[in-house]
Amino acid sequence: MAHNKKITNIKWRQIIVSYIAVYILFAALTILPNLDKFSWVNFAVQLASLAILLFALALYIYFADVAVMESPRKTWAMFTTMIVAYALIQLSSYIPSWGYVINLVPFALCALILSLIVSSKCGFFANFIIIMLCFMQDFNWQTNSTSETFFYLLFSGVIEAVFVSYVLGKHYRRFRYLLVGVALGIVSVMCATISYLMFQDIENWNWVDYGLKAVCSFGSGIIGVMLMFVFVPLFERIFNVSSVFRFSEIATSDSNLMRKLFEKAPGTYNHCLTVATYAEACAAAIGQSAVMARAAAYYHDIGKIKNPSYFVENQFNGVNPHDSMTPEASVNMIKYHTLNGLQIAKEYGLPKEVQMAIVEHHGTMPLKYFYLKAQKYTDGELSYDGYCYDGPKPSNKISAILMICDAAEAALRANGDKSNAEKIVNEIVAERLAFEQFSDCDISLKELDIIKGTIVNTFSGIRHNRISYPDVRLQGDK
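Counting restarts for each chain: residues are numbered from 1 in the order of the written sequence. Under the rules for a predicted model, residues below a pLDDT of 70 receive no local features and side-chain atom pairs below 80 are neither given nor counted, while totals for whole chains, interfaces and linings still include all residues. Hydrogen atoms and water are omitted, and side-chain values are computed over all heavy atoms in the structure.

Considering the nonpolar core
Right, on to step 1. Core analysis: the biggest nonpolar cluster contains 119 residues, and Leu57, Met78, Met82, Ile117, Tyr299 and Ile455 have the highest contact counts within it.
Right, on to step 2. Here this core takes eleven residues from helix α7 (residues 120-140), the largest share from any one element.
Right, on to step 3. In this view, Tyr299 contacts Ile250, Thr252, Ser255, Leu257, Met258, Leu350, Val354 and Ile358; residues no more than four positions away in its chain are not counted.
Right, on to step 4. Counting residues in each nonpolar core, the second largest holds ten residues, with Val331, Ala374, Leu382 and Tyr389 among its members. Side-chain atoms within 4.5 Å are what join buried Ala, Val, Leu, Ile, Met, Phe, Trp, Tyr and Cys residues into a set we call a nonpolar core. In this scheme, a residue with accessible area under 20% of its type's maximum is buried, one over 50% is exposed, and one in between is partly exposed, where area comes from a 1.4 Å probe on protein chains only. Numbering of helices and strands runs from the N terminus; a helix is a DSSP stretch of H or I covering at least four residues, while a strand is a stretch of E covering at least two. What makes two residues a contact is simply this: any of their non-hydrogen atoms within 4.5 Å.

Now the structure itself:
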């Protein structure tokens, strides 16, 4: 039975060191520019508020998005993005006409970047922490900001982060982010209008002043998206994290690695394309990233580039080298394709998520064909030990989807009968539940039912009936 994943792989020493380092850095960034206004009270308030904000961030990440805390690279990507967003807001305060410049600042930049390279939950709360930090700093040191500026910073910053993280969502088509920028600009204009109305008398309404603020606020949405396109690929390289853009780029049959797979193992190549169709549909059905599932499926069997003739889908001449091998030797040859695939994925710089899918998509399942072959030569019961994949088991829903779709594609192709499709898929999932293959990921039984139904429906679409062409030759006009 599938059950919740236990928190076992947080590297607490690294996490604590990273939070302390960021605390020291933010303390310096918030206090040094205000040394001319120094007082022990302000100093203590600034350090205490910063400590509370970072502690709140740690609690939120631990309970709401623990995958970030389990990954040092994601943690540092989060902190670096926060520092960039904070620096951008603070640097703009030194520009003349601060009352207008602040409306140009993309308050949701942190949420925009982190929603793509880490997660939406992390993006929202990290953005909220930055806005609160800037608000506390300006208020504590009594900068030249007006009450309207204070309110606009807090109000617009929080609202924009919510829209970016939870309303606007993720898209892997870059053109859609132009629309995101426009939508974000409209939200910013609405926040600027509310702020202006709260702190300006209607009798003294200044259309020029309001118009400049509205135009700047609208431009902040476009600026935020432009900066996002600059920082996302940069942070992908630095921290080895992947956005939907990266998955979309590699999920193509025209990549160098996929062309190599086609040339050396054409049967495996076509198997991967079909599995990608199943995996993409299943991921979308349970609310996972369809483009990540497609990328993982494209490369899950890339290790078969080495020794392709040992896999049945590439045996076109009727010769099976396993006929002259012991079952144990065959098992070793077959199961090493996951380790070979991981090595190739690292050589080509494929994302970590794809590397995990490559080594996890068979889990610790036994190789039934060779186990049964060995059992024929053994008296009594034969242990599964030595006839199983080395694992690890799927650690996330994408790997679990891939495990099911990989086995289902092979079984459905071999059977070919649509009337048996549901029974075949049910047996595949039941067998993996019996071997506890989903014990390390948080996939639910309801989601497994959705995946089973999606595979059957997709298979029916792939194996759709067609009208037979008449066996008649037509002669064209002379």
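Focus: the layout of surface pockets
The gaps of empty space that remain are located by a probe, the size of a water molecule, rolled over the atoms.
Right, on to step 1. The way it works is a 1 Å grid over only the protein atoms, where trapped points that fit a 1.4 Å probe form a cavity and open points with protein on both sides within 12 Å along at least five of seven lines form a pocket, and then any residue with an atom within 4 Å of a point lines it. Grid points are joined across faces, edges and corners, and a volume is the space filled by probe spheres set on the points. Reported here for the second largest pocket is a volume of approximately 1100 Å³.
Right, on to step 2. As for the second largest pocket, its lining consists of 36 residues, and the residues nearest its centre are Val312, His362, Tyr389, Ala407 and Ala410.
Right, on to step 3. When residues of the lining of the second largest pocket are traced back to their parent elements, those giving at least two are α13 (266-285), α15 (327-347), α17 (368-375), α18 (397-415) and α19 (421-434).
Right, on to step 4. Element by element, the count of residues in the lining of the second largest pocket is highest for α18, at eight residues.
Right, on to step 5. Residues are sorted three ways: Asp, Glu, Lys and Arg are charged, Ala, Val, Leu, Ile, Met, Phe, Trp, Tyr, Cys and Pro are nonpolar, and all the rest, Gly among them, are polar. A breakdown of the residues in the lining of the second largest pocket according to their chemical character gives 17 nonpolar, nine polar and ten charged.

Here's the deal with empty space enclosed by the protein
Right, on to step 1. Using the criterion set out here, one finds two cavities of 30 Å³ or more in the structure.
Right, on to step 2. Forming the boundary of the second largest cavity are Lys335, Thr338, Leu339, Tyr389, Asp390 and Gly391.
Right, on to step 3. Taken together, the residues that form the lining of the second largest cavity break down as two nonpolar, two polar and two charged.

With respect to the confidence of the model for the protein chain
Right, on to step 1. Of the residues in the protein chain, 92% have a pLDDT of 70 or more, and the chain-wide mean is 88.
Right, on to step 2. pLDDT gives the predictor's per-residue confidence on a scale running from 0 to 100. In the predicted structure, residues 1-7 sits below a pLDDT of 50 and forms 18 contacts with residues beyond four places in sequence or in another chain.

Thoughts on a nonpolar patch on the surface
Right, on to step 1. The patches described consist of residues with a relative accessible area above 30% and no salt bridge, like charges being joined within 9 Å and nonpolar side chains (Val, Leu, Ile, Met, Phe, Trp, Tyr) within 5 Å. All accessible areas in this document rest on Shrake-Rupley with a 1.4 Å probe, and a residue is counted as covered only by the protein chains that are shown. Salt bridge, as applied in this entry: a Lys or Arg side-chain nitrogen positioned within 4 Å of an Asp or Glu carboxyl oxygen. A surface patch of nonpolar side chains, amounting to about 510 Å² of accessible area, comprises Val182, Ile186, Met190, Phe218, Ile222 and Met226.
Right, on to step 2. Counting only elements with at least two residues in the nonpolar patch, the list comes to α9 (176-199) and α10 (207-239).
Right, on to step 3. Within the secondary structure, Phe218 sits in helix α10.

Notes on the environment of Asn396
Right, on to step 1. Within the element layout of this structure, Asn396 appears in the loop between α17 and α18.
Right, on to step 2. The sequence separation of Asn396 and Asp442 amounts to 46 residues, and the corresponding C-alpha distance is 6.8 Å.
Right, on to step 3. Once residues lying within four places of it in the same chain are set aside, the contact partners of Asn396 are Met356, Glu360 and Cys441.
Right, on to step 4. Two N or O atoms form a polar contact when they lie within 3.5 Å of each other; inside protein one atom must be a possible hydrogen donor and the other a possible acceptor, and for residues adjacent in sequence the pair counts only when both atoms belong to side chains. A distance of 3.1 Å separates a polar side-chain atom of Asn396 from the backbone nitrogen of Ile398.
Right, on to step 5. In this structure the side chain of Asn396 is engaged in a polar contact, spanning 2.9 Å, whose partner is the backbone nitrogen of Ser399.

With respect to the packing of helix α6 (residues 109-117) against α7
Right, on to step 1. Between N-to-C directions, angles span 0 to 180 degrees; the directions come from axes that are lines fitted to C-alpha atoms, helices contributing only their stretch in contact. In the contact formed by α6 and α7, the axes pass within 7 Å of each other and the chain directions differ by 160 degrees. On the basis of their axis angle, the class for α6 and α7 is roughly antiparallel. Of the two elements, α6 crosses α7, and the hand of that crossing is right-handed. Mapping the contact onto sequence places Leu109, Cys110, Ala111, Leu114 and Ser115 in α6 and Ser120, Cys122, Gly123, Ala126 and Asn127 in α7.
Right, on to step 2. Its residues assigned to classes, the contact of α6 with α7 shows six nonpolar, four polar and no charged. For this classification, under 35 degrees means roughly parallel, over 145 means roughly antiparallel, 65 to 115 means roughly perpendicular, and everything else is oblique. Here a crossing is called left-handed whenever its near helix is offset anticlockwise from the far helix by less than a right angle, and right-handed whenever the offset is clockwise.

Describing the side chain of Ser165
Right, on to step 1. Mapped onto the fold, Ser165 is located in helix α8 (residues 147-167).
Right, on to step 2. At 3.3 Å, the side chain of Ser165 forms a polar contact with the backbone nitrogen of Phe124.
Right, on to step 3. In contact with Ser165, other than residues within four places in its own chain, are Ala111, Ser115, Ser120, Gly123 and Phe124.

A short note on the pattern of salt bridges
Right, on to step 1. Counted according to the given criterion, the structure contains twelve salt bridges.
Right, on to step 2. Between Glu313 and Lys304 there is a salt bridge whose closest N-O contact spans 3.0 Å.
Right, on to step 3. We note a salt bridge from Glu431 to Arg432, for which the minimum N-O separation is 3.2 Å.
Right, on to step 4. Relative accessible area serves as the criterion here: at 21%, Glu431 is assigned to the partly exposed category.
Right, on to step 5. Within this structure, Glu148, Asp209 and Lys213 form a network of salt bridges that share partners.

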